[in-house]
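Structure assessment
Okay, here's what each chain looks like letter by letter:
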Amino acid sequence: MVAVDILKFPTSSPADTSPLTRLSAAGYNASDILAVIGKTEGNGCVNDFSRTLASAVWEPLIPKDAVTIFSGGTEGMLCPHVTFVVRQPDSKPSGLLAAVGHTRDLEPHEVGSLAHTQAVAAKVASMISELGVTSGNVQLVLIKCPLLTSAKVAAIKAAGKTPLTTDTYESMAKSRYASAMGIASALGEISDGQVENSLHSGAAYSGRASCSSGAELEDNHIFILASNPAEPSNGLRAVSGVMQDAIDAATVLDLLQKVRQDGGRVVQVFAKAEADPTGQVRGNRHTMNTDSDIHSTRHARAAVGGLLAGLVGDPQLYVSGGAEGQGPAGGGSLSVVYRVS
């Protein structure tokens with residue numbers, strides 16, 4: 001078991017590593033870091049180089065077994081920041097446990113495929129077992145997964161294979177969904193026999209998955225956050241739910257009510273957001289999917305980010321666009337980390 005603390009700090013750019021100084025002032029060293037999870041101010045699409053830059057500057061500064069997970073897009077009121085997940089010293093128990101890991105590198109033709117899902121499912125299941133918890137203790141599984149670039153599509157064709165899609169932007173969605181199905185399988189939200197059908201139907205989802213795709217990696221970076229069944233006392237806690245749509249304030253308020261009942265203070269919120277693929281929000285037509293100027297994922301991040309920032313009172317939130325398989329269509333998974341003193 002790895003008991004953890006979670007801290008977050010603002011950044012001035014994707015290349016800003018000064019939060020390490022503030023982490024040190026809080027009593028932790030770079031060697032204590034399990035994960036650096038950040039929001040960067042790129043477009044969150046295929047050519048978002050802010051994610052690549054952030055990964056490139058942070059990875060040499062953290063342990064080799066740590067992971068980086070950067071999500072591009074700070075539209076609306078979302079603010080760039082990094083969240084550190086650090087190991088607690090042995091003398092400091094925590095209400096939260098965490099594990100980090102990597103799948104093997106995926107071949108380009110495997111991105112978004114059954115092989116992708118199986119690799120994620122096997123690794124997540126193994127990590128949960130190593131944590132010594134059950135799937136019911138898991139509050140969040142956060143994954144950074146690969147996407148297809150034009151060069152990868154060309155390489156697949158040159159090898160005589162067929163890519164799942166030749167549209168690089170669409171490959172982001174397919175990769176996210178394959179990763180989410182791997183999480184759902186590992187958590188028992190879908191059975192092994194349902195995995196392949198789920199990939200074809202696109203109808204299944206995990207309520208605790210958060211997947212973000214990028215061109216800066218070939219494998220899947222995985223972060224698991226779980227409640228510590230042996231440590232119900234003061235310290236960090238987490239509660240999770242599922243937003244049914246982009247304006248589902250009721251679910252958010254329910255989770256925040258739990259935080260207040262425990263006398264807690266919100267540390268971080270992890271949320272997924274997407275434009276409802278039906279083109280409707282509670283019977284009203286929306287135009288997020290038909291805007292030729294701005295991708296729908298950017299609209300969704302801004303909308304959900306604004307809702308959450310207003311309700312929480314904090315714009316430094318991890319809101320990731322594209323919620324395929326991460327909550328119901330048009331909605332998204334939601335996890336709130338809070339501290340009880």
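Looking up the chain in an unreviewed UniProt entry gives the name Cyanuric acid amidohydrolase, with the organism given as Cyphellophora europaea. Its UniProt record gives the chain a comment under Subunit (unreviewed entry), which states: "Homotetramer." Regarding the chain, the relevant UniProt record gives this comment under Catalytic activity (unreviewed entry): "cyanurate + H2O = 1-carboxybiuret + H(+)".

**Describing the packing of helix α3 (residues 114-131) against helix α5 (residues 168-187)**
Two numbers describe how α3 lies on α5: the axes approach to 7 Å, and their chain directions differ by 40°. The orientation of α3 with respect to α5, classified from their angle, is oblique. Classified by chirality, the crossing of α5 by α3 is right-handed. For the pair α3 and α5, the contacting residues are H116, T117, V120, A121, V124, A125 and I128 in the first and S175, A178, S179, M181, G182, I183, S185, A186 and L187 in the second. Of the residues contributing to the contact of α3 with α5, the split by class is ten nonpolar, six polar and no charged.

**As for the nonpolar core**
Within the largest apolar cluster, 30 residues are counted, with the highest numbers of intra-cluster contacts made by V124, V141, I143, M181, I183 and I224. Those elements that place two or more of their residues in this core are β5 (96-102), α3, β6 (138-146), α5, α6 (195-201), β7 (209-214) and β8 (221-227). For this core, the element with the highest residue contribution is α5, accounting for eight residues. With residues up to four places along the chain from it excluded, the contact list for V124 reads V141, I183, A186, I222 and I224. Ranked by size, the runner-up nonpolar core spans 22 residues in total, among them V266, V304, V319 and V340.

**A few points about unusual backbone geometry**
The phi torsion of most residues other than glycine is negative, and most of the peptide bonds are trans. For R282, which is not a glycine, the phi torsion comes out positive at approximately 50°. Note on placement: R282 falls in the loop between β11 (280-281) and β12 (284-285).

**Considering the sheet that holds strand β1 (residues 4-10)**
The sheet built from four strands is open, its strands ordered β1-β4-β2-β3 with mixed pairing. A strand with exactly one partner marks an edge of an open sheet, and here the two such strands are β1 and β3 (67-72). Taking each pair of neighbouring strands and ignoring which way they run, the sheet shows an average axis angle of 15°. Packing against the sheet, helix α2 (residues 49-58) makes contact with β2 (33-40), β3 and β4 (81-87), and its axis sits at approximately 155° to β3.

Conventions we followed
- Residues numbered from 1 in each chain as written.
- Predicted model: local features only at pLDDT ≥ 70, side-chain atom pairs only at ≥ 80, totals over all residues.
- Heavy atoms only, no water.
- UniProt positions renumbered as here; feature names shortened; annotations may be inferred.
- Axes fitted to C-alpha atoms, helices over the stretch in contact; angles between N-to-C directions.
- Helix = DSSP H or I, 4+ residues; strand = E, 2+ residues; numbered from the N terminus.
- Parallel < 35°, antiparallel > 145°, perpendicular 65-115°, else oblique.
- Left-handed = near helix turned anticlockwise from the far one by under 90°.
- Contact = heavy atoms within 4.5 Å.
- Nonpolar A, V, L, I, M, F, W, Y, C, P; charged D, E, K, R; others polar.
- Core = buried A, V, L, I, M, F, W, Y, C linked by side-chain atoms within 4.5 Å.
- Buried < 20%, exposed > 50% of the residue type's maximum accessible area, 1.4 Å probe, protein only.
- Pairing = 2+ DSSP bridges.

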